[in-house]
Amino acid sequence: MALSYPLSLAAFQDRAKITVAEFVINNPRQISRTAGGSQLSASLGDSVWRGSFETPPTNVRAETAAIDALLSVLDRAGSSFLVYDPSKPYPADDLTGSITGSATVTIRSLSSSDARVMALNGLPNGFSLRAGDLIGWTYGSSPTRYALHRLVEDASGTDAFEVTPFIQPGASAGAAVTLIKPVMKAVLLPNPGFGSHRAVISSSKQFSFVQTLR
Amino acid sequence: MRDYGTAVEAHLAATSGVQIRHLVWIQARNRSSGAIESVGFWNGLDARSFTIGGSSRTYTGAGTLLGIAPITGEVGLQVRMQQVSLSGIPPEVLQLIHGYDARLAPIEVHRVFFDPEKGVLIGDPVRVMKGWVDEMPVPTPAEGGTDSVTLTVASASRALTKTLTIKKSDEAQRRISATDRGREYASISGAVGVFWGIKNARAVAPATVVMPVEVGNPSTDPGRGGGRG
């Protein structure tokens, strides 16, 4: 069956072994230092997630060839894929997903006067999300937007808490929230490293990607 | 200094850091229907609605607007040419280029302030430029390169360079209102002698343009009177 975009986790990320992963939010900004010693800063652009993956060297060429094929497809204009942070797939207090796996978590409220703040409904009793946990949800249409946010403080019950980056307008209360392997939609940056292949060992591949909302 | 409103001025006075975005709004003619339609770009993330002048406008983001040259404010009537760069890739920009006739389309640029701490809008967008699209060349980049569509925008003072009545024909007036006969005789005004309340020997037929077959040049018969007398 032909692929449809964004590629699902099963179609791309779950098929690749990843040894090194980088998953960061970048905040483009400029700094001016004044004679008075104060640092003035200004935002130059909005924050998006960026990341890079590295696959391990292997002696199974068939495995790496499959990834090569997917990378070459993703290296086209218009391709995108869903991706989660492989080093942080579960909340800190639920490392196997057994507690939150069956919970139905939704957005309880968003603040119109503060785009950092939100609250959740449906967290299991006594369970807390910790700072650094990732949550995600979808909103909008054509295309569906994938929001991925990181908690800045611990949260439990229906308390309001802060996330980063800022929550974009469009998300609404009641949207289903993913706590386990929350995804974002990403595009591959040009020229992925396919790696070189020797008689026995195929060397590792490196590629980078950046979040896209559309 | 521009008046950005009290909320923005208080925010700027705090020097806590700024997050400024620009909004570009173009009202171009749709090539297929002839209707004037609007398209907006901004240099923030994703599409977003802003309330400007009481109505909601949707601006598409995610890299459609790459940059705006420094906006100059000066005293006088000089027509300033301002440059606005758009990415040539997003479908909205392609639609503007190919689907709309943006020649001399009105364009407005607003500046909007966000709270860098909370990520929400401060005050209302303030218009910093208004004018017309003057040029919009569409380059194609080399492989692996990037292109940008650089719009040249003439400022609003270009309106003062527009010549007036000579362009106002009966046909133009009737397109505005089919029954408006106010300019019915505009094309022959001044060529016909009109006399009010007196008998005048010169009140004869208007001067006509005669095209002699041999000469091929139009000439006015001087003996027939009329003219501007």
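Since the structure is predicted, the reported quantities are computational estimates derived from the model, not experimental observations.

Student: Help me understand the overall build of chain B in this model?
Tutor: Of regular secondary structure, chain B possesses three helices and twelve strands. The burial tally for chain B puts 31% of its 229 residues in the buried class. Intrachain contacts of chain B at a sequence separation of at least 6 include 52% that bridge at least 24 residues. Summed over all atoms, the accessible surface of chain B reaches about 14,100 Å², with 54% contributed by carbon and sulfur.

Student: I'm lost on the overall build of chain A in this one. Help?
Tutor: Assigned secondary structure in chain A consists of one helix and 14 strands. Considered along the principal axes of its C-alpha atoms, chain A spans approximately 60 × 55 × 35 Å. Taken across its 214 residues, chain A has 43% of its residues classed as buried. Taking as baseline every contact in chain A between residues at least 6 positions apart, the subset at least 24 positions apart corresponds to 69%.

Student: How should I be thinking about the layout of surface pockets in this particular structure?
Tutor: Gaps between atoms show up when a probe of the same size as a water molecule is rolled over them. Considering only enclosed or pocket space, the second largest pocket measures out at about 430 Å³ in volume. Forming the boundary of the second largest pocket are 24 residues, of which Asn27, Ser43 and Phe166 of chain A together with Gln19 and Pro116 of chain B lie nearest the centre. A breakdown of the residues in the lining of the second largest pocket according to their chemical character gives eight nonpolar, ten polar and six charged.

Student: Help me understand the sheet that holds strand β7 (residues 117–121) of chain A, please; the structure alone is not making it clear to me.
Tutor: Consider a sheet: its strands pair through backbone hydrogen bonds, and that pairing is either parallel or antiparallel. Residue and element names in this part refer to chain A. Here five strands make up an open sheet; going across it, the order is β6-β7-β12-β10-β9 and the pairing antiparallel. Edge positions in the sheet fall to β6 (106–110) and β9 (134–139), since each of these pairs with one other strand and no more. Each strand axis lies, on average, 45° off the axis of its neighbour in the sheet, ignoring direction. With three bridges joining them, β7 and strand β12 (residues 160–164) adopt antiparallel strand pairing. Bridging across to β12, alanine 119 finds its partner in alanine 160.

Student: Explanation requested: the nonpolar core in the structure shown.
Tutor: In terms of nonpolar packing, the biggest core is built from 24 residues, with Met118, Leu120, Leu129, Ile135, Trp137, Phe161 and Val177 of chain A touching the most fellow members. Residue assignment for this core shows that the elements contributing at least two residues are β7, β9, β10 (145–151) and β12 of chain A. Tallying contributions element by element places β9 of chain A first for this core, with three residues. Sequence-distant contacts of methionine 118 of chain A, defined by excluding residues within four places in its chain, comprise Ile107, Ser109, Leu110, Ile135, Trp137, Asp159, Ala160, Phe161, Val163 and Ile167 of chain A. By size, the runner-up hydrophobic cluster in this structure holds 23 residues, among which are Ala28, Val93, Val109 and Val128 of chain B.

Student: What should I look at first to understand the packing of aromatic side chains in this one?
Tutor: Given two aromatic rings, their pairing is described by the distance between the two centres and the angle made by the two planes. Residue and element names in this part refer to chain A. Summed over all chains, the structure comprises 13 aromatic pairs over all chains. Residues phenylalanine 53 and phenylalanine 207 carry aromatic rings whose centres are separated by 5.9 Å and whose planes lie at 80° to one another, so their mutual orientation is edge-to-face. Here phenylalanine 53, found in strand β4 (residues 48–54), pairs with phenylalanine 207, found in strand β14 (residues 206–211); they are 154 residues apart in sequence, far enough to count as distant. Classification of phenylalanine 207 as buried rests on a relative accessible area of 3%. Both rings, one in phenylalanine 53 and one in phenylalanine 209, keep their centres 4.9 Å apart while their planes meet at 65°; by these two values the pair is edge-to-face. You can see phenylalanine 53 sitting in strand β4 and its partner phenylalanine 209 sitting in strand β14, a full 156 residues away along the chain. Phenylalanine 53 sits in the buried class, given a relative accessible area of 2%.

Student: How should I be thinking about empty space enclosed by the protein in this particular structure?
Tutor: One pass over the structure, following the stated rule, counts three cavities of 30 Å³ or more. Considering only enclosed or pocket space, the largest cavity measures out at about 160 Å³ in volume. If you trace the largest cavity, you find 17 residues lining it, with His149, Pro165, Phe166 and Gln168 of chain A together with Leu45 of chain B closest to the centre. Counting residues per element, the ones that place at least two in the lining of the largest cavity are β9 and β10 of chain A. With four residues, the top contributor of residues to the lining of the largest cavity is β10 of chain A.

Student: What is the right way to read the pattern of salt bridges from this model?
Tutor: Close approach of charged atoms allows side chains of opposite charge to pair. All names here are of chain A. Tallied over the entire structure, the rule returns 15 salt bridges over all chains. Between arginine 116 and aspartate 114 there is a salt bridge, with the nearest N and O atoms lying 2.8 Å from each other. Take arginine 116 and aspartate 114: they sit in the same class, and that class is buried. Arginine 116 gets classed as buried once you look at its relative accessible area, which sits at 16%. Taken together, the shared-partner salt bridges in this structure form one network comprising Arg61, Asp68 and Lys205.

Student: Is there a simple way to explain the interface of chain B and chain A in this structure?
Tutor: Buried accessible area, meaning the area lost when the parts come together, often serves as the stated size of an interface. If you look at the interface, chain B gives 21 residues, while chain A gives 21 residues. Of the roughly 1,600 Å² buried between chain B and chain A, counting both surfaces, carbon and sulfur atoms make up 48%. Interface area lost by chain B to chain A is led by Leu45, Asp46 and Lys118 of chain B, which between them contribute 37%. Linking chain B with chain A are two salt bridges. Across the salt bridge formed by arginine 145 of chain A and aspartate 46 of chain B, the nearest N and O atoms sit 2.7 Å from each other. At the boundary of chain B and chain A, one finds eight residue pairs in polar contact (both at pLDDT 80 or more). Elements that contribute at least two residues to the side of chain B that touches chain A include exactly β1 (18–30) and α2 (91–99) of chain B. Element by element, the count of residues in the side of chain B that touches chain A is highest for β1 of chain B, at three residues.

Student: I would appreciate a short explanation of the confidence of the model for chain B in the present structure.
Tutor: Close inspection of predicted coordinates is inappropriate in any region flagged by low pLDDT. Residue and element names in this part refer to chain B. Per-residue pLDDT for chain B averages 80, and the proportion of residues at 70 or more is 84%. Mean pLDDT per element in chain B: strand β12 (residues 219–220) is the minimum at 50, and strand β8 (residues 106–114) is the maximum at 91. Every residue in residues 222–229 is under pLDDT 50, and counting partners more than four places away or in other chains gives twelve contacts. Confidence metrics for the complex model read pTM 0.77 and ipTM 0.82.

The rules behind the values
- Residues numbered from 1 in each chain as written.
- Chains lettered and ligands numbered in written order.
- Predicted model: local features only at pLDDT ≥ 70, side-chain atom pairs only at ≥ 80, totals over all residues.
- Heavy atoms only, no water.
- Helix = DSSP H or I, 4+ residues; strand = E, 2+ residues; numbered from the N terminus.
- Buried < 20%, exposed > 50% of the residue type's maximum accessible area, 1.4 Å probe, protein only.
- Contact = heavy atoms within 4.5 Å.
- Areas by Shrake-Rupley, 256 points an atom, 1.4 Å probe, with all protein chains shown as cover.
- 1 Å grid on protein atoms, 1.4 Å probe; cavity = no way out; pocket = protein on both sides within 12 Å on 5 of 7 lines; lining within 4 Å.
- Points joined across faces, edges and corners; volume = space filled by probe spheres on them.
- Nonpolar A, V, L, I, M, F, W, Y, C, P; charged D, E, K, R; others polar.
- Pairing = 2+ DSSP bridges.
- Axes fitted to C-alpha atoms, helices over the stretch in contact; angles between N-to-C directions.
- Core = buried A, V, L, I, M, F, W, Y, C linked by side-chain atoms within 4.5 Å.
- Phe/Tyr/Trp six-rings, centres within 6.5 Å; stacked < 30°, edge-to-face > 60°.
- Salt bridge = Lys/Arg side-chain N within 4 Å of Asp/Glu carboxyl O.
- Buried area = accessible area lost by both parts, 1.4 Å probe.
- Polar contact = N/O pair within 3.5 Å; in protein donor to acceptor, adjacent residues only side chain to side chain.
- pLDDT = per-residue confidence, 0-100.

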